[in-house]
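Topology and contacts: notes
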Amino acid sequence: MIVLIEAARRRVYQAVNTELVAHYWELGEYISQKIASAEWGDGIVEDLAADLARRYPGVRGYTRPNLFRMRQFYEAYRSNRKVSPLVRQLPWTHHLIILSQAKPVETREFYILAAIKDRWPKRELERQIRSGAVLREARATKKVSPAVRQTHPTAIDEFKNAYNIEFLGLAADHSEADLHDALLRNLGRFLTELGRDFCFVGSQYPVQVGSQDFAIDLVFFHRGIQCLVAFELKVDKFKPADLGQLSFYVEALDRDVKKLHERPSIGVLLCATKDDEVVEYALARTTAPTLVAEYQTFLPSKELLRAKLHELYAQLAPENAVVPRATHLRRRS
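Residues numbered from 1 in each chain as written. Predicted model: local features only at pLDDT ≥ 70, side-chain atom pairs only at ≥ 80, totals over all residues. Heavy atoms only, no water.

Per an unreviewed UniProt entry, the recorded name for the protein is DUF1016 domain-containing protein, and the organism is Corallococcus soli.

So, about the overall build of the protein. When its secondary structure is counted, the protein shows twelve helices and six strands. Sequence-distant contacts, at least 24 apart, represent 67% of the contacts inside the protein between residues at least 6 apart. Accessible area of the protein: about 17,500 Å², with a carbon and sulfur share of 52%. (Helix = DSSP H or I, 4+ residues; strand = E, 2+ residues; numbered from the N terminus. Contact = heavy atoms within 4.5 Å. Areas by Shrake-Rupley, 256 points an atom, 1.4 Å probe, with all protein chains shown as cover.)

On to the packing of helix α4 (residues 92–101) against helix α5 (residues 105–118). Two numbers describe how α4 lies on α5: the axes approach to 9 Å, and their chain directions differ by 155°. With respect to α5, the axis of α4 lies roughly antiparallel. In this structure, α4 meets α5 at a crossing whose hand is right-handed. Here His 95, Ile 98 and Leu 99 of α4 lie close against α5, whose contacting residues are Arg 108, Tyr 111 and Ile 112. Grouping the amino acids of the contact of α4 with α5 by side-chain chemistry returns four nonpolar, one polar and one charged. (Axes fitted to C-alpha atoms, helices over the stretch in contact; angles between N-to-C directions. Parallel < 35°, antiparallel > 145°, perpendicular 65-115°, else oblique. Left-handed = near helix turned anticlockwise from the far one by under 90°. Nonpolar A, V, L, I, M, F, W, Y, C, P; charged D, E, K, R; others polar.)

Here six strands make up an open sheet; going across it, the order is β1-β6-β5-β4-β3-β2 and the pairing mixed. Each having just a single partner strand, β1 (162–164) and β2 (198–209) make up the two edges of the open sheet. With strand direction ignored, the average angle separating the axes of adjacent strands in the sheet is 35°. Packed on one face of the sheet, helix α8 (residues 176–185) meets β2, β3 (212–222), β4 (227–237) and β6 (290–296) and runs near 135° to β4. (Pairing = 2+ DSSP bridges.)

Taken as a whole and judged by the stated rule, the model has one cavity of 30 Å³ or more. By volume, the largest cavity amounts to about 40 Å³. Taken together, Lys 142, Lys 143, Val 144, Ile 156, Phe 159, Lys 160, Asn 161, Leu 291 and Val 292 form the lining of the largest cavity. Partitioning the lining of the largest cavity into residue classes produces five nonpolar, one polar and three charged. (1 Å grid on protein atoms, 1.4 Å probe; cavity = no way out; pocket = protein on both sides within 12 Å on 5 of 7 lines; lining within 4 Å. Points joined across faces, edges and corners; volume = space filled by probe spheres on them.)

Counting residues in hydrophobic clusters, the biggest one holds 41 residues, and the most contacted among them are Leu 67, Phe 73, Tyr 77, Ile 98, Tyr 111, Ile 112 and Leu 125. Taken together, the elements giving at least two residues each to this core come down to α1 (2–36), α2 (42–55), α3 (64–77), α4, α5, α6 (122–131) and α12 (305–316). Of all hydrophobic cores here, the second largest spans 30 residues; its members include Tyr 163, Leu 187, Phe 190 and Tyr 295. (Core = buried A, V, L, I, M, F, W, Y, C linked by side-chain atoms within 4.5 Å. Buried < 20%, exposed > 50% of the residue type's maximum accessible area, 1.4 Å probe, protein only.)

We now examine the packing of aromatic side chains. For the structure on display, the rule yields 15 aromatic pairs. Consider the rings of Trp 25 and Phe 73, whose centres lie 5.5 Å apart with planes at 90°: the pair is edge-to-face. With a gap of 48 residues between them, Trp 25 in helix α1 and Phe 73 in helix α3 connect regions that are remote in the sequence. Of the two residues, Trp 25 and Phe 73, both sit in the buried class. Where Phe 73 meets Trp 92, the ring centres are 5.2 Å apart and the plane angle is 85°; that geometry is what we call edge-to-face. Of this pair, Phe 73 sits in helix α3 while Trp 92 sits in helix α4, and the two are 19 residues apart along the sequence. A network of ring pairs unites the aromatic residues Phe 159, Tyr 163, Phe 190, Phe 198, Phe 200, Phe 220 and Phe 231 as a single cluster. The ring of Tyr 313 has Lys 82 lying over it, and the distance from NZ or CZ to the ring centre is 4.9 Å. (Phe/Tyr/Trp six-rings, centres within 6.5 Å; stacked < 30°, edge-to-face > 60°. Lys NZ or Arg CZ within 6 Å of the ring centre and 35° of its normal.)

In structure tokens form, the structure reads like this:
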């Protein structure tokens, strides 16, 4: 019963949001066209806001600043045939954050797509923009062992080449214990950074092999690919020997922890930095489903923005690669 009610509430909220954003787009278009045709000056917007306040007392959406934001919203995306059909999928507050904090056109486009795809709440969207999430993914092919592609062919998209953990506030000379403890203190934000469907299972997760006890740094479960995911943390540059320990942990999870209905476990070695060629050689002969990723505590360069946009469009809305003008948001004369 509760599940049905919550699902219905979400649908109602989404429907209301869709109509509200479409309405604001129409008002923004109307104001923009009136000002562009010299029928109105900027001062008339203030008069319009006052008139709407009298007509609709208690409705806060028609203030002078908000009317100008509607105009800015429309003008920011009106010529983008890919973005304009998608803007209704985000709440108005998300659009205000993107318009005010993400200035270049391509950057705004990226955050709209990423927020839709990953369902970021308002605070996470602000963090992603502040941390420069758009800048951090490496173009290089993700480094995974052949076993990952064989046992989990659809899982590669669920992992990243690099994870941004600037929110931890780590010192430059942090230890593995510092990294581990900081991730636990900020577990909610780390889960958001990992992506949808990751569920926390345990820290220093105990496994016993023979008469010896071992502890895996972090263990998660991924609901989408239905498997346990072991994270081993390293604060140094990747070394091939690190994979042996991780492969051992993956085998232990599969033999002693994995349930019958679950798929083979995956191991992620999260290190401070890596040489991609060394990683490729090390993974080539590894039989365990493992991959290597970096963690980043700073803001990388911007050079891969267009590649990331192309990737997001392919994942999110390939059907919108070319959108006729008639399919845009409704127009009001």
